[in-house]
Amino acid sequence: MRRKLIAGNWKMHKNSETARGFATEFLKLYQVTPDMDVCIAAPFTELLALEEMFAGTDLLTAAQNMHFEDQGAFTGEISAPMLAEIGVDYVIIGHSERRAYFAETDEMVNKKVKKAFEWNITPIICCGETLPQRQQSLEDHIVRHQVVMALAGLTDEQVAKAVIAYEPVWAIGTGHVATPQQAEDMCKVIRDVIRMYHGDAADEVKILYGGSVKPDNAKELMEMEDIDGALVGGASLDPVDFLKIIHAAEN
Ligand code: PGA
């Protein structure tokens, strides 16, 4: 049985006051989830505060990006050892917003994934097709390619520990959630291609769905066989909505 993972992605939202406010309210309502991991990908500036506030709970933290070198003259970047030092558990890699606005390539994604494993940070590797690509029925091809490139050179043991997030670009922040069947079909495509390259690691790798996940659609998505959790953007900004999604995944 794969453990579920619900990951919030705050993107470039919240400051020190509102991040702490979220954590205070969330911690009042949150109960330990024995069969599930929960993490929040906060802006770099709020990660340490969340680490401190989540201490003594089973809640985990994630970064939204990192560089693929340990250190150096890379103005504005944050490295894996910097994240590891403050105890960050996960890092989102290759989100479609980074690919689209910051020119992240499959090669960079692969380097970052390898670097994350070197520092014991679990990568949440994002993949997904755009609307024009889906309209041309290219989604399987695009997503397979992104996944194979991201995992190139990893051991089967590493792949088994990785997290993949299938996030169709047309569903992100649009309210146009994929149907449970569309999401399941692509998560199955991902698991099948991982099986071709990494054998039984395909049974262990977690595959999340992301893109307009909300309290009212989470349950039917999370019930699908190959969907092991969710990457939640907008709805993770509100503690009550985020908790409702966690509960939907639990049942
Ligand atoms: P959304 O974002 O839930 O706001 O669509 C998801 C994501 O980009 O990870």
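Here is what the cut-offs are and how they apply
Residues numbered from 1 in each chain as written. Predicted model: local features only at pLDDT ≥ 70, side-chain atom pairs only at ≥ 80, totals over all residues. Heavy atoms only, no water. Core = buried A, V, L, I, M, F, W, Y, C linked by side-chain atoms within 4.5 Å. Buried < 20%, exposed > 50% of the residue type's maximum accessible area, 1.4 Å probe, protein only. Helix = DSSP H or I, 4+ residues; strand = E, 2+ residues; numbered from the N terminus. Contact = heavy atoms within 4.5 Å. Expected span 1.5 Å × (residues − 1). Arc of directions from axis to C-beta. Salt bridge = Lys/Arg side-chain N within 4 Å of Asp/Glu carboxyl O.

Caption draft 1: Quick look at the nonpolar core. The biggest cluster of nonpolar side chains holds 69 residues, and the ones touching the most others in it are Ile6, Val147, Ile164, Ile190, Ile194, Tyr209 and Phe242. Looking at this core element by element, the count peaks at seven residues for helix H9 (residues 180-198). Ignoring anything within four residues of it in the chain, the contact list for valine 147 reads Cys127, Ile164, Ile190, Val193 and Ile194. In this structure, Ala7, Tyr90, Ala165 and Leu208 belong to the second largest nonpolar core, which totals 14 residues.

Caption draft 2: Geometry of helix H1 (residues 16-29). Taking 1.5 Å as the rise per residue, H1 with 14 residues should run 20 Å; its terminal C-alpha atoms sit 20 Å apart, in good agreement. Listed as buried for H1 are Ala19, Phe22, Ala23 and Phe26. End-on, the buried residues of H1 take up no more than an arc of 95 degrees, which puts them together on one face. In this structure, H1 carries Glu17 and Lys28 as exposed residues pointing more than 90 degrees from its buried face. The inward-facing, buried residues of H1 abut strand E2 (36-41), helix H2 (44-54), strand E3 (59-63) and helix H12 (239-250).

Caption draft 3: Here's a closer look at the pattern of salt bridges. Per the stated rule, a full pass over the model turns up 15 salt bridges. Note that arginine 134 is salt-bridged to glutamate 129, the shortest N-O span being 2.7 Å. You can call glutamate 129 buried: its relative accessible area is 0%. Where arginine 191 meets aspartate 226, a salt bridge forms, and the shortest distance between an N and an O atom there is 2.7 Å. Of this pair, arginine 191 sits in helix H9 while aspartate 226 sits in the loop between helix H11 (218-222) and strand E8 (229-232), and the two are 35 residues apart along the sequence. According to the relative accessible area criterion, arginine 191 is buried, its value standing at 3%. Judged by its relative accessible area of 6%, aspartate 226 falls in the buried class. Among the charged side chains, a salt-bridge network with shared partners connects Arg2, Arg191, Asp226 and Asp228.

Caption draft 4: Here's a closer look at helix H7 (residues 139-151). With 13 residues, H7 ought to run about 18 Å at 1.5 Å a step, and its terminal C-alpha atoms sit 18 Å apart, in line with that. Where H7 is concerned, the buried positions are Glu139, Ile142, Val143, Gln146, Val147, Ala150 and Leu151. For H7, the angular spread of buried residues about the axis comes to 145 degrees, placing them on one side. A positive backbone phi angle near 85 degrees is found at glycine 153, which sits one or two residues after H7.

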